[in-house]
2 protein chains.
Amino acid sequence: MSSIHDVARYSGVSTATVSRALRGLPNVSPRTRQVVQAAAAELGYVASPSASALSSGRHRAVALVVPSMGRWFYTEVVEGADGVLRTEGYDAFLINLALGAEGRGRLFSHSLLRKRADAVIALGIDFTPDERRELRSLAVPLTVVGGAVPGVRTVGVDDLQATEAAMEHLVGLGHRRIAHIGGENEHGMDYTVAQARRREWRTVLARIGVTPPPAWFGSGGFLLPQAKRAALEVLRGPDRPSAVFAGSDEMAFGVLLAARDLGLRVPEDLSVIGIDDHSWSESFGLTTVRQDPQAQGGAAARIVLDELAGLPVHGLVHHAASELVIRGTTAPPAA
Amino acid sequence: MSSIHDVARYSGVSTATVSRALRGLPNVSPRTRQVVQAAAAELGYVASPSASALSSGRHRAVALVVPSMGRWFYTEVVEGADGVLRTEGYDAFLINLALGAEGRGRLFSHSLLRKRADAVIALGIDFTPDERRELRSLAVPLTVVGGAVPGVRTVGVDDLQATEAAMEHLVGLGHRRIAHIGGENEHGMDYTVAQARRREWRTVLARIGVTPPPAWFGSGGFLLPQAKRAALEVLRGPDRPSAVFAGSDEMAFGVLLAARDLGLRVPEDLSVIGIDDHSWSESFGLTTVRQDPQAQGGAAARIVLDELAGLPVHGLVHHAASELVIRGTTAPPAA
DNA sequence: TTGAAAGCGCTAACAG
DNA sequence: CTGTTAGCGCTTTCAA
């Protein structure tokens, strides 16, 4: 494992020049740069990140903070962020909050965030005021994906708009009895997303003069099994809705399975719509509002990278696109 | 951001003593240790990983190499590995091969593996001989999860046994016309897993005197959409099987959706079994062979940690448990 | 355009 | 049990 000294010796220049040449800094003659690059390649030299970090204060690494790995949205965002980071020569650290190991409280004092990462990308997390203050004190660029957090840079779909698109589709088909399976008070989850979708569901319903009874809301916790259970209850209730708006595709799958178990035909007896356009949604034939979490992760990465480069970053809230995708789980209500 | 010097000054000892005290090394008086710990806590001191790495050669970080983030198995393994790593004070680096950014070829010369990680945990990857050689040359502990790779330490279920459990269940119910939806030649996938399951499917069938026609095999690539497509073909074929053995639960879901689309009742018209016990399988009512990838990830982490600690690690192949879970998608064939 | 030299913050002998 | 002394491998002024 050769060091910068080997390269310097091999190419007959100083270590300082090697450093400059390899990092593409100016004030290096083309000829010298070439010689140095050749030497580095020859010796298989790769700069030690630890040494660079120690002397420069830059780690070329960003921390990805995720509430858990089990949800499609998160893994997609991670993949998207990781992609552009790697392209820019940055490494991605994983910080998974799902594990009890490191309590959420101590997260922000963790060495990683303090001394191993130049920036942080946090997914769908609703920080407490304390945590936010701590983050700011780190003076580290931070961007949150999926879920607006006041005062923090954010990338994500406009939840109101996405929900409205879904609801309007249902309403446009003639539905009025629309239930909602949503997330709620998940620990580590950004429940503002769930809240926004739920609120907008009510709003659209109110617009057509409908006040949903409590039985039309089920807490699915953004997980399929839980959503299925909730849907089972909603659909077995006395006042069965003609359609269900699920807060995510994963929860919509749960609704679909619940309907199947109850012998309800979709979309004849029940319409179902979700939000996401999960990679399995097409196979399920699910009507949904598409978003692109991978692009969102990439956008977040680009933002923190820009900040690190000292480039000006425009707004605080970056809205990602969303788009209605009509498939087979929605239709006009039966008579 | 205080340094070791601040702590030393604050507690009236040398930096060497601070280092020893905080790392729990012997030869520090209890009293001194306490003073130092108090000082560190007071100052919010956390050792700089870069500096420690530079002087000790240890990074306290391990690289997690995954073919992609979109598959349940991988994310579970990552979560399991990350959990024990974090508990032991190690950080996890993510190296996602799904992204074109860094071609697979150059992966192993990447700085991460060379100069940022003390060990590598690779998921379901079938290394080429070249890659294996390179890895060994790094002199870094390596463990592969899910898919035996000759000459490399491995954690995973016994694919033959798991497949046999699934097939014997079907055969025990009276099925003889059993199709298989499996993975095949996925780039970056460990196709030895797919091959083992496919081979064993044939073996069990041969045992009961059945030679499956080519139309009874469909390539599902370990992905739901692809598996559904393959299943559609298999089930529409002239010689429709009475049961399908899917190489993973995700593929089994695809088979279930295909059956739904074709109007086939499960399990009356078609039995379906998978391997995994995916977190959604219970909701689908899927009969399957359970494995615990999170535990496997944890086991792999513990192994590399032991190796790093210089502890002896027993065998090369560590078989994880698997267990038949009977639910609602399997039944005796109709007449 | 290039080099010399002084660290970055920690660990690891080696003394004491 | 504790302190001193060298570095680890880079980056970065400051000179030349």
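Computed from a predicted structure; not experimentally measured.

J.: Mind showing me how you'd approach the overall build of chain A here?
T.: When helices and strands are tallied, chain A shows 13 helices and twelve strands. When the backbone C-alpha atoms are referred to their principal axes, chain A occupies close to 85 × 40 × 35 Å. Looking at chain A as a whole, 57% of its 335 residues are labelled buried. Long-range pairs, those at least 24 residues apart, make up 72% of the contacts in chain A between residues at least 6 apart in sequence. Taken as a whole, chain A presents about 13,500 Å² of accessible surface, with 51% of it coming from carbon and sulfur. Distance from the positive charge centre (34 side chains) to the negative charge centre (35 side chains) of chain A: 5 Å.

J.: Looking at this model, I keep getting lost on the side chain of Gln291(B). Mind explaining?
T.: All names here are of chain B. In this structure, Gln 291 sits in strand β10 (residues 287-291). The class for Gln 291 is buried, based on a relative accessible area of 7%. Looking at Gln 291, its side chain comes within polar contact range of the side chain of Asp 276, at 2.7 Å. With residues near it in sequence (within four places) discarded, Gln 291 still touches Phe 73, Val 157, Arg 197, Asp 276, Gln 296 and Ala 321.

J.: In this structure, what is going on with the protein's contact with DNA strand D? I would like to understand it.
T.: Neighbouring residues of DNA strand D: 26 residues in total, closest Ile4(A), Ser19(A), Tyr45(A), Ser55(A) and Thr32(B). The protein-proximal atoms of DNA strand D, defined as those within 4 Å of the protein, are 70% sugar or phosphate. Taking Ser19(A), its side chain carries an N or O atom lying 2.4 Å from a phosphate oxygen of DNA strand D. Contacts to DNA strand D include Ser48(A), whose backbone N or O atom sits 3.3 Å from a phosphate oxygen. Elements that contribute at least two residues to the surface near DNA strand D include exactly α2 (15-22) and α4 (49-56) of chain A together with α2 (15-22) and α4 (49-56) of chain B. Per element, the largest residue contribution to the surface near DNA strand D is five residues, and it comes from α4(A). For the surface near DNA strand D, the per-class residue count stands at eleven nonpolar, 13 polar and two charged.

J.: Explain the protein's contact with DNA strand C to me, please; I cannot follow it from the model alone.
T.: Neighbouring DNA strand C are 25 residues, the closest being Thr32(A), Ile4(B), Ser19(B), Tyr45(B) and Ser55(B). Counted by atom, the contact set of DNA strand C within 4 Å of the protein is 69% sugar and phosphate. Thr32(A) is positioned such that a nitrogen or oxygen atom in its side chain is 2.3 Å from a phosphate oxygen of DNA strand C. Of all the elements in the fold, those that place two or more residues in the surface near DNA strand C are α2 and α4 of chain A together with α2 and α4 of chain B. Of the residues forming the surface near DNA strand C, the biggest block, five residues, is contributed by α4(B). Class assignment for the residues of the surface near DNA strand C results in ten nonpolar, twelve polar and three charged.

J.: I would appreciate a short explanation of the interface of chain B and chain A in the present structure.
T.: On the chain A side, the residues contacting the 54 residues of chain B number 54 residues. Regarding the contact of chain B and chain A, the summed buried area is about 4,700 Å², with carbon and sulfur atoms giving 61% of it. If you look at where chain B meets chain A, you find two salt bridges. Arg116(A) is the partner of Asp91(B) in a salt bridge, and the nearest nitrogen-oxygen pair spans 2.6 Å. Summed over the shared surface of chain B and chain A, the result is 20 residue pairs in polar contact (both at pLDDT 80 or more). The dominant element in the side of chain B that touches chain A, judged by the number of residues it contributes, is helix α5 (residues 72-87) of chain B, at seven residues. Pairing of strand β2 (residues 91-96) of chain A with strand β2 (residues 91-96) of chain B, which is carried by three bridges, proceeds in the antiparallel orientation. Each residue of the ladder has a partner; that of Ala92(A), found in β2(B), is Leu94(B).

J.: Even after reading the chapter, I still don't get the nonpolar core, so can you show me in this structure?
T.: Proteins that are soluble and globular tend to have nonpolar side chains buried together. In terms of nonpolar packing, the biggest core is built from 91 residues, with Ile121(A) and Ile121(B) touching the most fellow members. Sequence-distant contacts of Ile121(B), that is, excluding residues within four places in its chain, are made with Val62(B), Ala63(B), Leu64(B), Val65(B), Ala81(B), Thr143(B), Val145(B), Ala300(B), Ala301(B) and Val304(B). Residues Met167(A), Trp216(A), Ala227(A) and Leu286(B) belong to the second largest nonpolar core, which totals 90 residues.

J.: Just checking my understanding: could you explain the packing of α2(B) against helix α3 (residues 30-43) of chain B for this structure?
T.: Between two packed helices, both the angle of their axes relative to each other and the distance between the axes serve to describe the pair. All names here are of chain B. Where α2 contacts α3, the two axes come as close as 9 Å, and the packing angle between them is 90°. Classified by the angle their axes make, α2 and α3 are roughly perpendicular. Of the residues in α3, those touching α2 at Thr 17, Val 18, Arg 20, Ala 21 and Leu 22 are Thr 32, Arg 33, Val 36, Gln 37 and Ala 40. Split into classes, the residues belonging to the contact of α2 with α3 amount to five nonpolar, three polar and two charged.

J.: Help me out: how do you make sense of the relation of the copies chain B and chain A in this one?
T.: Here the two chain copies are tied together by a rotation about an axis and a shift along that axis. With an RMSD of 0.1 Å, the fit of chain B onto chain A corresponds to turning through 180° and sliding 0.1 Å along the axis. On the angle and the small slide along the axis, the relation comes out as a two-fold axis. A shared interface surface links the copies, since 100% of the contact residues of chain B are contact residues in chain A too.

J.: What's the story with the packing of α5(B) against helix α13 (residues 293-308) of chain B in this structure? I'm lost.
T.: Residue and element names in this part refer to chain B. Two elements in contact, α5 and α13, have axes separated by 7 Å at closest approach and are oriented at 45°. For the element pair α5 / α13, the angle class is oblique. Of the two possible hands of crossing, α5 and α13 adopt the one that is right-handed. Across the interface between the two elements, Trp 72, Phe 73, Glu 76, Val 77, Glu 79, Gly 80, Ala 81, Val 84 and Leu 85 from α5 touch Pro 293, Gln 294, Gln 296, Gly 297, Gly 298, Ala 301, Arg 302 and Leu 305 from α13. Counted by class, the contact of α5 with α13 contains nine nonpolar, five polar and three charged residues.

J.: Sorry if this is basic, but what is going on with the sheet that holds strand β4 (residues 142-145) of chain B here?
T.: Strand pairing in a sheet relies on backbone hydrogen bonds. The paired strands run either parallel or antiparallel. Judged by pairing direction, the sheet is mixed, and its twelve strands sit side by side in the order β11(A)-β5(A)-β4(A)-β3(A)-β1(A)-β2(A)-β2(B)-β1(B)-β3(B)-β4(B)-β5(B)-β11(B) without closing on themselves. On the outer flanks of this sheet lie β11 (317-320) of chain A together with β11 (317-320) of chain B, each paired with one strand and no other. Strand-to-strand, the axes of this sheet are offset by a mean angle of 25°, without reference to chain direction. Sheet topology note: the strand β1 (residues 61-66) of chain B/β2(B) ladder contains six bridges and is parallel. Residue Val62(B) lies in a different strand from β2(B), and its bridge partner there is Ala92(B).

J.: What am I meant to see in the packing of aromatic side chains here?
T.: What characterises a pair of aromatic rings is the spacing of the ring centres plus the angle enclosed by the ring planes. Counting across every chain of the model gives eleven aromatic pairs over all chains. Here Phe253(A) and Phe284(A) contribute two aromatic rings whose centre-to-centre distance is 4.1 Å and whose plane-to-plane angle is 15°, an arrangement assigned as stacked. Of this pair, Phe253(A) sits in helix α11 (residues 249-262) while Phe284(A) is found in helix α12 (residues 281-284), placing the two residues 31 residues apart along the sequence. The same class applies to Phe253(A) as to Phe284(A), namely buried. Arranged with centres 6.1 Å apart and planes meeting at 50°, the rings of Phe284(A) and Phe284(B) form a pair that is tilted. A residue pair is termed interchain when its members come from two chains, as with Phe284(A) in helix α12 and Phe284(B) in helix α12 (residues 281-284). By the ring-pair criterion, three or more aromatic residues cluster together here, those being Phe253(A), Trp280(A), Phe284(A), Phe253(B), Trp280(B) and Phe284(B). Directly above the aromatic system of Phe217(A) lies the positively charged group of Arg198(A), at a separation of 3.7 Å from the ring centroid.

J.: I'm lost on the domain arrangement of chain A in this one. Help?
T.: Often the size quoted for an interface is simply the accessible area lost on bringing the parts together. Domains assigned within chain A are domain 1 (4-56), domain 2 (61-157 + 293-320) and domain 3 (159-291). Centre-to-centre separation of domain 1 of chain A and domain 3 of chain A, based on C-alpha positions: 57 Å.

J.: What is the right way to read helix α3 (residues 30-43) of chain A from this model?
T.: An α-helical segment advances 3.6 residues per turn. Residues three or four places apart therefore align on the same side. Residue and element names in this part refer to chain A. Under the 1.5 Å per step criterion, the end-to-end length of α3 is 20 Å for 14 residues, consistent within 8% with the ideal 20 Å. Among all positions in α3, only Arg 33, Val 36, Ala 39 and Ala 40 are buried. The arc that holds the buried residues of α3, viewed along the axis, is 130°, so those residues lie on one side. Away from the buried face of α3 by more than 90 degrees, exposed residues Pro 30, Arg 31, Gln 34, Ala 41 and Glu 42 are located. The inward-facing, buried residues of α3 contact α1 (4-11) and α2. Two residues or fewer after α3 comes Gly 44, characterised by a positive phi angle close to 65°.

Criteria and cut-off values
- Residues numbered from 1 in each chain as written.
- Chains lettered and ligands numbered in written order.
- Predicted model: local features only at pLDDT ≥ 70, side-chain atom pairs only at ≥ 80, totals over all residues.
- Heavy atoms only, no water.
- Helix = DSSP H or I, 4+ residues; strand = E, 2+ residues; numbered from the N terminus.
- Buried < 20%, exposed > 50% of the residue type's maximum accessible area, 1.4 Å probe, protein only.
- Contact = heavy atoms within 4.5 Å.
- Areas by Shrake-Rupley, 256 points an atom, 1.4 Å probe, with all protein chains shown as cover.
- Lys, Arg positive; Asp, Glu negative; His and termini not counted.
- Charge placed at Lys NZ, Arg CZ, Asp CG, Glu CD.
- Polar contact = N/O pair within 3.5 Å; in protein donor to acceptor, adjacent residues only side chain to side chain.
- Near = heavy atom within 4 Å.
- Nonpolar A, V, L, I, M, F, W, Y, C, P; charged D, E, K, R; others polar.
- Buried area = accessible area lost by both parts, 1.4 Å probe.
- Salt bridge = Lys/Arg side-chain N within 4 Å of Asp/Glu carboxyl O.
- Pairing = 2+ DSSP bridges.
- Core = buried A, V, L, I, M, F, W, Y, C linked by side-chain atoms within 4.5 Å.
- Axes fitted to C-alpha atoms, helices over the stretch in contact; angles between N-to-C directions.
- Parallel < 35°, antiparallel > 145°, perpendicular 65-115°, else oblique.
- Least-squares fit on C-alpha atoms with pLDDT ≥ 70 in both.
- Left-handed = near helix turned anticlockwise from the far one by under 90°.
- Phe/Tyr/Trp six-rings, centres within 6.5 Å; stacked < 30°, edge-to-face > 60°.
- Lys NZ or Arg CZ within 6 Å of the ring centre and 35° of its normal.
- Domains from an automatic or database assignment.
- Expected span 1.5 Å × (residues − 1).
- Arc of directions from axis to C-beta.

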